[in-house]
Amino acid sequence: MSETRPPLQKKICLAGAFGAGKTSLVRRFLQGVFDERYLTTVGVKIDKYSLLVDERQIDLVIWDLAGEDFLAPLQISYLRGASGYLLVADATRKETLETAESIVGRIAGTEGALPFVLALNKVDLAGECEVSREDLDRLETAGWRILRTSAKSGEGVTEAFEDLARRLL
Amino acid sequence: MDWILPILDLAVIEPVTPGLWKPSPPVPDWLGWAGGDLQSLGNEFPMLETFLLDAMPFWDRGQRGRLRSAIWKQKVGPAEAAFRADAIFGDGKRALLLQRIDEEAEEMRRAYQGARDLALTTRKFDKQRAQAELIGRRKDDFLASMSHELRTPLNSVVGFATLLEQQRGGELTGKQQSFVSNILTASRHLLALINEVLDLARIDAGRLDLCFETFKFGDCVAEVLAILGPQAAGRHVAIDAAGVDIEIFADRLRWKQILLNLVGNAVKFAPEQGSVLVEASSGDAVYEVAVSDDGPGIPPQKREAIFDRFSIASVHGAPQESHGLGLAITKRLVEAHGGLIRIETASMGGARFVVTVPCADRKSP
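Sequence order as written defines residue numbering, which begins from 1 separately in each chain. All chains are assigned letters beginning with A, and all ligands numbers beginning with 1, in the order in which they are written. Restriction of local features to residues with pLDDT of at least 70 applies here, the model being predicted, together with a cutoff of 80 or more for giving and counting side-chain atom pairs; totals for whole chains, interfaces and linings are based on all residues.

### Digging into the overall build of chain A
Our working definition: A run of H or I in DSSP becomes a helix once it reaches four residues, and a run of E becomes a strand once it reaches two; helices and strands are each numbered from the N terminus. The burial criterion counts other C-beta atoms lying within 10 Å of a residue's C-beta, which is placed from the backbone; the residue is buried at 20 or more, exposed at 12 or fewer, and partly exposed between these limits. Residues are defined as contacting one another if the C-beta atoms placed from their backbone atoms lie within 7 Å.
Looking only at helices and strands, one finds 4 helices and 6 strands in chain A. Residues counted as buried form 45% of the 169 residues belonging to chain A. Contacts in chain A between residues far apart in sequence, at least 24 positions, make up 73% of those at least 6 positions apart.

What follows is the structure, given as structure tokens:
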């Protein structure tokens, strides 16, 4: 008789610059839809989702944190109790990758080295891409796990969440 | 108190015994929590799990006041709602207020949305402008390079054609002299055009170096009139100068170029036996130079476009030999001196180009 393991409950956060597509990624992941309109997030948006990773059920509590900009820096305190985070950068705005690097440093400084995956989003806009192969090589060399995603087409979205969830096991 | 809580969409959660908390009735429909430990409340509202980490020591300090959480959104039942929590301590009592703030959150979101939309739009425009500038610079570089490459062999053509015209290589027949004359006219025209394109490209690329000095404007006028004199005489156009005996502080060569363009145009567009007048004046703050003719003039609606590159002279209403670059260059040279150029109707009926340049920069051009 096989033993049924209880589901794991894990809090994960989405963090990154404003307009990088965090909310769109969550929406694509949870509902399989995409909306062209940009609706900024204020504070935090919390969702729950269960998924099976390596035959283990993980109940994710997904905290979609308001994007960082000149109006509001990221509230690192929201990450308390988080098991990991999905870092989101916009492939068409190079400065969002710089914001992502800054966020990783700040989180490590207060919460320790949490597992994270970088979702390089909006890769469907290939012609407008500002993030270079060299930028990504540098980060991968530093140990970053990077996945190319498009909330619009769905490319890499499930993989990004599952990859992060796998790191939480 | 009971009646106001539902209006405020507020739940007051208070301890009844150590470790056991309950909402004050009436309990809002959305709360979905009848009471228990705060951990179980945190399961319903995950944000509270984090907020209570700060709220507990706040209550334990026993100081009167309030600690407020961030806004969060989550699903309650099938719909999504916005919430905010406050930890309150007063009169020895601790309480947790949990409030639905859908409208306030939406108003705040709209305010942020406006600022972020603006930031994204500004960035988009900045990017497009940077791309346009890059394309412009490449085009200017290309023009400068091409013009230079064309000018070198063309100088050879002009040089050898001149030698032929002077019959240095032997006597020419009348027909041959006519052919050589055509070659010279066409190649000089082409050389002048290339020089103008090169000038314009240099100015647009920001590679125009001005060499400021104080000089007598009258001398500059005399040199220009010496060059244009034969052309004016050929059409019996009289050129007069008034008030040009002033000193100005500017790039002498470029001023000569400005004057050559303006007076050259005036001579071209003045009628046979017409008149051209060059005037100058110097005030405390500006020099003003004006060149007038008694030609057909320029209608007000065409005055702005005439400074565009390749805006050809037919705007004047008189077809003349022109590349349509002279006034574009003139305007840029005037602007490089910090000045302005405008067109008026001359008292003699034609066009009057007025150049105004500040004269306060003698020490730091």
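### A word on the overall build of chain B
Scanning chain B from N- to C-terminus turns up 8 helices and 13 strands. Evaluated residue by residue, chain B yields a buried proportion of 26% over its 365 residues. Nonlocal contacts in chain B, meaning residues at least 24 apart in sequence, comprise 58% of its contacts between residues at least 6 apart.

### A short note on the interface of chain A and chain B
Here is the rule: In this count, Pro and Cys sit with the nonpolar residues alongside Ala, Val, Leu, Ile, Met, Phe, Trp and Tyr, while Asp, Glu, Lys and Arg are called charged and the others, Gly among them, polar. Criterion used throughout: strands pair if DSSP finds at least two bridges between them.
Each side of the interface is counted separately: chain A has 16 residues, and chain B has 19 residues. A per-element tally of the side of chain A that touches chain B places strand S2 (residues 44-53) of chain A first, with 3 residues. Considering only residue class, the side of chain A that touches chain B consists of 8 nonpolar, 5 polar and 3 charged. Judged from the 3 bridges that link them, S2 of chain A and strand S4 (residues 72-76) of chain B form a sheet pairing that is parallel. In the strand pairing of S4 of chain B, Ile46 of chain A is matched with Gln74 of chain B.

### Things to note about the sheet that holds strand S13 (residues 351-358) of chain B
Residue and element names in this part refer to chain B. Note the cut-off: To get an axis, a line is fitted to the C-alpha atoms, and for a helix only the part in contact is used. The angle between two axes follows their N-to-C directions and goes from 0 to 180 degrees.
Read from one edge of the open sheet, 5 strands run S8-S10-S11-S13-S12, paired in mixed fashion. Two strands close off the open sheet at either side, each with one partner strand: strand S8 (238-242) and strand S12 (340-345). Neighbour-to-neighbour, the strand axes of the sheet open up by a mean angle of 15°, direction not taken into account. Bridge count between S12 and S13: 6 bridges; the pairing is antiparallel. By the bridge assignment, Arg342 is partnered in S13 with Val354.

### A few points about the nonpolar core
We count it as follows: One nonpolar core equals one set of buried Ala, Val, Leu, Ile, Met, Phe, Trp, Tyr and Cys residues connected by C-beta atoms within 7 Å.
Ranked by internal contacts, the top residues of the largest apolar core, which has 68 residues, are Cys13, Tyr85, Leu86, Leu87 and Ala119 of chain A. In contact with Tyr85 of chain A, not counting residues within four places along its chain, are Ile12, Cys13, Leu14, Ala15, Leu79, Leu114 and Phe116 of chain A. In terms of nonpolar packing, the next biggest core, distinct from the first, is built from 46 residues, Cys220, Leu228, Ala266 and Ala270 of chain B among them.

### Section: the pairing of strand S5 (residues 79-90) of chain B
All names here are of chain B. Summarising the sheet, strand S3 (residues 65-68) and S5 pair through 4 bridges and their orientation is antiparallel. Considered in S5, the bridge of Arg68 is made with Asp86. Here 5 bridges tie S4 to S5, and the two strands are oriented antiparallel to one another. Opposite Trp72, over in S5, you have Phe83 as the bridge partner. Across 8 bridges, S5 lies against strand S6 (residues 93-100) in antiparallel orientation. Counted as the bridge partner of Asp86 is Leu97 from S6. Where S5 folds back on S6, the antiparallel hairpin that results is connected by 2 residues, among which Asp91 adopts a positive phi of roughly 55°.

### With respect to the environment of Asn195 of chain B
The topology assignment puts Asn195 of chain B in helix H5 (residues 174-204). According to the C-beta neighbour criterion, Asn195 of chain B is partly exposed, with 16 such atoms within 10 Å.

### A short note on the pairing of S2 of chain A
Residue and element names in this part refer to chain A. With 10 bridges joining them, S2 and strand S3 (residues 56-65) adopt antiparallel strand pairing. Each residue of the ladder has a partner; that of Lys48, found in S3, is Val61. Counting the residues between successive antiparallel strands, the hairpin from S2 to S3 contains 2 residues, one of them, Asp54, with a positive phi of roughly 50°.

### Notes on the packing of helix H6 (residues 217-234) of chain B against helix H7 (residues 252-269) of chain B
Residue and element names in this part refer to chain B. This is how the line gets drawn: Each crossing gets its handedness from the near helix: less than a right angle anticlockwise from the far helix is left-handed, clockwise is right-handed.
Contact geometry of H6 with H7 gives a least axis separation of 9 Å together with a crossing angle of 30°. Where H6 crosses over H7, the two elements pack in a sense that is right-handed. Together, Cys220, Val221, Glu223, Val224, Ile227, Leu228, Gln231 and Ala232 of H6 and Arg252, Trp255, Lys256, Leu259, Leu260, Val263, Gly264 and Val267 of H7 make up the contact between the two elements. Here the residues of the contact of H6 with H7 are counted per class, giving 11 nonpolar, 2 polar and 3 charged.

### A few points about the environment of Glu106 of chain B
Looking at the secondary structure, you find Glu106 of chain B in helix H4 (residues 102-165). Placed 24 residues apart in sequence, Glu106 of chain B and Ala82 of chain B show a C-alpha to C-alpha distance of 8.6 Å.

### Quick notes on the confidence of the model for chain B
Caution is warranted with low-pLDDT regions, since their predicted coordinates should not be read in detail. Note the following rule: For every residue, the predictor assigns a confidence score, pLDDT, that lies between 0 and 100.
Chain-level statistics for chain B give a pLDDT mean of 86 and a share of 92% at 70 or above. Complex prediction metrics read pTM 0.62 and ipTM 0.87.

### So, helix H4 (residues 157-168) of chain A
All names here are of chain A. Which entries qualify depends on this criterion: How far a helix is expected to stretch is found by multiplying one less than its residue total by 1.5 Å. Starting at the helix axis, one direction is taken to each C-beta atom, and the arc is that of these directions.
With 12 residues, H4 ought to run about 16 Å at 1.5 Å a step, and its terminal C-alpha atoms sit 17 Å apart, in line with that. Residues Val157, Ala160, Phe161, Leu164 and Ala165 constitute the buried set of H4. The buried residues of H4 all sit within an arc of 130° when viewed along its axis, so they share a single face.

### Points about the packing of helix H1 (residues 22-31) of chain A against H4 of chain A
Residues and elements named next belong to chain A. Our working rule: Throughout this description, any angle smaller than 35 degrees is read as roughly parallel, any larger than 145 degrees as roughly antiparallel, any in the 65 to 115 degree range as roughly perpendicular, and the remainder as oblique.
Between H1 and H4, the least distance of the axes is 9 Å, while the angle of their chain directions is 90°. Between H1 and H4, the angle falls in the class roughly perpendicular. For the pair formed by H1 and H4, the contact residues are Leu25, Arg28 and Phe29 on the first element and Val157, Thr158 and Phe161 on the second. A class-by-class count of the residues in the contact of H1 with H4 yields 4 nonpolar, 1 polar and 1 charged.

### Focus: unusual backbone geometry
Residue and element names in this part refer to chain B. Not every positive phi belongs to a glycine, and Gln167 is a case in point at roughly 60°. Along the polypeptide, Gln167 turns up in the loop between H4 and H5. Exposure remark for Gln167: the 12 C-beta atoms within 10 Å place this residue in the exposed category. In this structure, His236 takes a positive phi of about 55° despite not being glycine. By the element assignment, His236 lies in the loop between H6 and S8.

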